[in-house]
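For reference, the chains in residue letters:
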Amino acid sequence: MQLSNGEKVLGRVVNAENIRQVAEQLGMKNKLLSPEELVHLVLNERYSEQLPGGVTLRCSTIASERRIELVNALSLADRLVAVGCFTEIIQWRKRIFIPANEKAPAILAAVIKILG
């Protein structure tokens, strides 16, 4: 690949599903991506990430709408709603979501802080 300044670099495209494995091989085990990167990957690449506390961040499609879901986070629902998440009962089950808008990275950062 050649950069705009003429410099040539060697690189490889890494698919979203392989990011965790590549990061571990580079000695970056247990390093989280930035909230902005996570939101982008979850919504656009259907990437999922295991967050601290056993909570999984993933993309779910509800009524033809992509949403950012927090799985296994019901015990923290009140605290998560306080930072901007919302809950919805779908098929008699309460689920927690991060709004998929421009506020998502800031809300996700607050969620990660709560999870420790």
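These lines cover the structure that appears in this document, whether it is placed above or below. (Residues numbered from 1 in each chain as written. Predicted model: local features only at pLDDT ≥ 70, side-chain atom pairs only at ≥ 80, totals over all residues. Heavy atoms only, no water.)

**Structural notes on the nonpolar core**
Next up, step 1: In terms of nonpolar packing, the biggest core is built from 25 residues, with Leu57, Leu70 and Ile98 touching the most fellow members.
Next up, step 2: Of all the secondary-structure elements, those providing two or more residues to this core are helix 2 (35-45), strand 2 (56-62), strand 3 (65-71), helix 3 (77-82), strand 5 (93-98) and helix 4 (104-115).
Next up, step 3: Sorting elements by how many residues they give to this core places helix 4 first, with seven residues.
Next up, step 4: Setting aside chain neighbours within four positions, we find Leu57 in contact with Leu38, Val42, Tyr47, Ser48, Glu49, Leu51, Ile68, Glu69, Leu70, Ile98 and Leu108. (Core = buried A, V, L, I, M, F, W, Y, C linked by side-chain atoms within 4.5 Å. Buried < 20%, exposed > 50% of the residue type's maximum accessible area, 1.4 Å probe, protein only. Helix = DSSP H or I, 4+ residues; strand = E, 2+ residues; numbered from the N terminus. Contact = heavy atoms within 4.5 Å.)

**As for helix 2**
Next up, step 1: For helix 2, the complete set of buried residues consists of Pro35, Leu38, Val39, Leu41, Val42 and Leu43.
Next up, step 2: Just past helix 2, the residue Arg46 takes up positive phi, approximately 55°.

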